[in-house]
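This is what each chain is made of:
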Amino acid sequence: MTLHAASREALGLAEERLGEVLADAGADAATVGDELLSVVDLLDREISLRRAVSDASATPEARTGLVRRLFEGKLSEPAAKVLDAVAGSRWSSPRELTDGLESLGRSALLTAAEKTGNVDTVESQLFQVARVVANHPELEKALSDLTGTAEAKRTLVRGLFADKVDVVTETLVEQVVRRAKGRGVGVGLDRLVKLAAERRERSVAYVTSANALTDEQTAQLGSKLDAIYGRPIALHVEVDPRLGGGLVVRVGDEVIDGSAAGQLAALRRRLARA
């Protein structure tokens, strides 16, 4: 998510408010996350409301008063306090306000997973869902279809993953699908995997192996990558026999291709230049 200066400052203030709210023992982080994402859905549908909430010509008091009246009795008090912080700040654009609010909702849901000790599970499930979508182009097309309704996409997601994943995982996936533009579902899911890993201050390594790795091989690879990058690395491994042998490792924009297919391709390139 790329934000301009004003929006970055606004999001920082709102994140501080979210942290304060969720520190209260009586706050339900999952409920706060769900409610904030429901507001995102409404603002996405109602352009005039989105503009009014982010209108820099109105006073912060006027904007917070607007959202308080609009959502009175519809949001829990913790979620309403976070929304006050969002509406009371200056954002660079209406779209950046909704993107920032979505980030806050996701953060609250991941906090809920942390509190229940499920953040590892959520991270792993998000990766698995991302690979399912990546490996089935027709599914990604259906989930990214601009003409498809949000309800139809929600039904598809629940049909595929309901009762198979944690409720936080399902909610986060549904939100990505609802806001997807074109073929943006895969990118959005990969971002969620990264966000979940960052909750434990880890980077993500996407590993593609020609053969399934043993637990010992996975541990050794993880240790080597930790040493190379100087920080903890979360491994997410999928098997692709087409590699012929070896591994391909992607960390951010860096790719380490140690596969047989990759080495053969490199040899062909060298011969072509000779």
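Residues numbered from 1 in each chain as written. Predicted model: local features only at pLDDT ≥ 70, side-chain atom pairs only at ≥ 80, totals over all residues. Heavy atoms only, no water.

1. Focus: the overall build of the protein chain
Step number 1: The number of helices and strands found in the protein chain is 13 helices and 4 strands.
Step number 2: Taken over the C-alpha atoms alone, the protein chain extends approximately 70 × 40 × 40 Å along its principal axes.
Step number 3: When the 274 residues of the protein chain are sorted by exposure, 45% land in the buried category.
Step number 4: Long-range pairs, those at least 24 residues apart, make up 70% of the contacts in the protein chain between residues at least 6 apart in sequence.
Step number 5: On the protein chain, roughly 14300 Å² of surface is accessible, and the fraction owed to carbon and sulfur atoms is 52%.
Step number 6: Both charge centroids of the protein chain, one from 37 positive and one from 41 negative side chains, sit 6 Å from each other. (Helix = DSSP H or I, 4+ residues; strand = E, 2+ residues; numbered from the N terminus. Buried < 20%, exposed > 50% of the residue type's maximum accessible area, 1.4 Å probe, protein only. Contact = heavy atoms within 4.5 Å. Areas by Shrake-Rupley, 256 points an atom, 1.4 Å probe, with all protein chains shown as cover. Lys, Arg positive; Asp, Glu negative; His and termini not counted. Charge placed at Lys NZ, Arg CZ, Asp CG, Glu CD.)

2. Topic: the layout of surface pockets
Step number 1: What the second largest pocket holds in volume is close to 540 Å³.
Step number 2: Contributing to the lining of the second largest pocket are 23 residues, with D41, A150, R154, R178 and R179 lying nearest its centre.
Step number 3: Secondary-structure elements contributing two or more residues to the lining of the second largest pocket are α2 (29-45), α9 (150-161) and α10 (167-179). (1 Å grid on protein atoms, 1.4 Å probe; cavity = no way out; pocket = protein on both sides within 12 Å on 5 of 7 lines; lining within 4 Å. Points joined across faces, edges and corners; volume = space filled by probe spheres on them.)

3. Quick look at the packing of helix α5 (residues 77-88) against helix α6 (residues 94-115)
Step number 1: At a closest axis distance of 11 Å, the pairing of α5 and α6 adopts a crossing angle of 150°. It follows from the interaxial angle that α5 and α6 lie roughly antiparallel. In this structure, the crossing between α5 and α6 has a hand that is right-handed. Facing V82, L83 and V86 of α5, the residues of α6 in contact are L97, L101 and L104.
Step number 2: Grouping the amino acids of the contact of α5 with α6 by side-chain chemistry returns 6 nonpolar, no polar and no charged. (Axes fitted to C-alpha atoms, helices over the stretch in contact; angles between N-to-C directions. Parallel < 35°, antiparallel > 145°, perpendicular 65-115°, else oblique. Left-handed = near helix turned anticlockwise from the far one by under 90°. Nonpolar A, V, L, I, M, F, W, Y, C, P; charged D, E, K, R; others polar.)

4. A few points about the pairing of strand β2 (residues 233-239)
Step number 1: As paired strands, strand β1 (residues 203-209) and β2 are joined by 7 bridges and run parallel to one another. Residue Y206 lies in a different strand from β2, and its bridge partner there is H236.
Step number 2: For the handedness criterion, the β-α-β arrangement of β1, helix α12 (residues 215-229) and β2 is classed as right-handed. (Pairing = 2+ DSSP bridges. Right-handed = clockwise from strand over helix to strand, strands pointing away.)

5. Details of the nonpolar core
Step number 1: If you look at the biggest cluster of nonpolar residues, it comprises 32 residues, and the most contacted ones within it are L83, V86, L101 and L104.
Step number 2: Mapped onto this core, the elements with two or more residues apiece are α1 (5-23), α2, α3 (47-53), α4 (60-71), α5 and α6.
Step number 3: Looking at this core, the element that brings in the most residues is α2, giving 7 residues.
Step number 4: Apart from the residues within four sequence positions on either side, L104 is in contact with L11, A14, E15, L18, L36, V82 and V86.
Step number 5: Listed in part, the 31 residues of the second largest apolar core include V119, V157, A180 and V204. (Core = buried A, V, L, I, M, F, W, Y, C linked by side-chain atoms within 4.5 Å.)

6. A word on the pattern of salt bridges
Oppositely charged side chains are able to pair whenever their charged atoms sit close together.
Step number 1: Enumeration over the complete set of coordinates arrives at 17 salt bridges.
Step number 2: The salt bridge involving R68 is made with D84; its shortest N-O contact spans 2.7 Å. With R68 in helix α4 and D84 in helix α5, this residue pair connects regions lying 16 residues apart in the sequence.
Step number 3: One network of salt bridges, with partners in common, ties together D41, E151, R154, R158, E170, E174 and R178. (Salt bridge = Lys/Arg side-chain N within 4 Å of Asp/Glu carboxyl O.)

7. Comments concerning unusual backbone geometry
Step number 1: Positive phi outside glycine occurs at D163, with the angle close to 70°.
Step number 2: Structurally, D163 is set in the loop between α9 and α10.

8. Some remarks on the side chain of R131
Step number 1: Along the chain, R131 falls in helix α7 (residues 119-134).
Step number 2: Separated by 2.9 Å, the side chains of R131 and D190 make a polar contact. (Polar contact = N/O pair within 3.5 Å; in protein donor to acceptor, adjacent residues only side chain to side chain.)

9. Notes on the packing of α4 against α5
Step number 1: Following both chains from N to C, one finds α4 and α5 inclined at 150°, their axes separated by 8 Å at the closest point. The interaxial crossing formed by α4 with α5 has right-handed handedness. Between α4, through P60, R63, T64, V67, R68 and F71, and α5, the contact on the second element is made entirely by E77, A80, K81, L83, D84, A87 and G88.

10. Looking at the sheet that holds β2
Step number 1: Taken in spatial order, the 4 strands make up an open sheet running β2-β1-β3-β4, and their pairing is mixed. Strands at the two margins of the open sheet, each flanked by one partner only, are β2 and β4 (254-257). Mean inter-strand twist for the sheet, computed between neighbouring axes without regard to direction, equals 20°.
Step number 2: Note: β1 against strand β3 (residues 247-251), 5 bridges, orientation antiparallel. Bridge pairing in β3 places T208 opposite V248.
Step number 3: In this fold helix α11 (residues 185-198) packs onto β1, β2 and β3, with an angle of close to 125° to the strand it touches most, β1.
Step number 4: Lying over the sheet, α12 contacts β1, β2, β3 and β4, oriented at roughly 135° with respect to β2.

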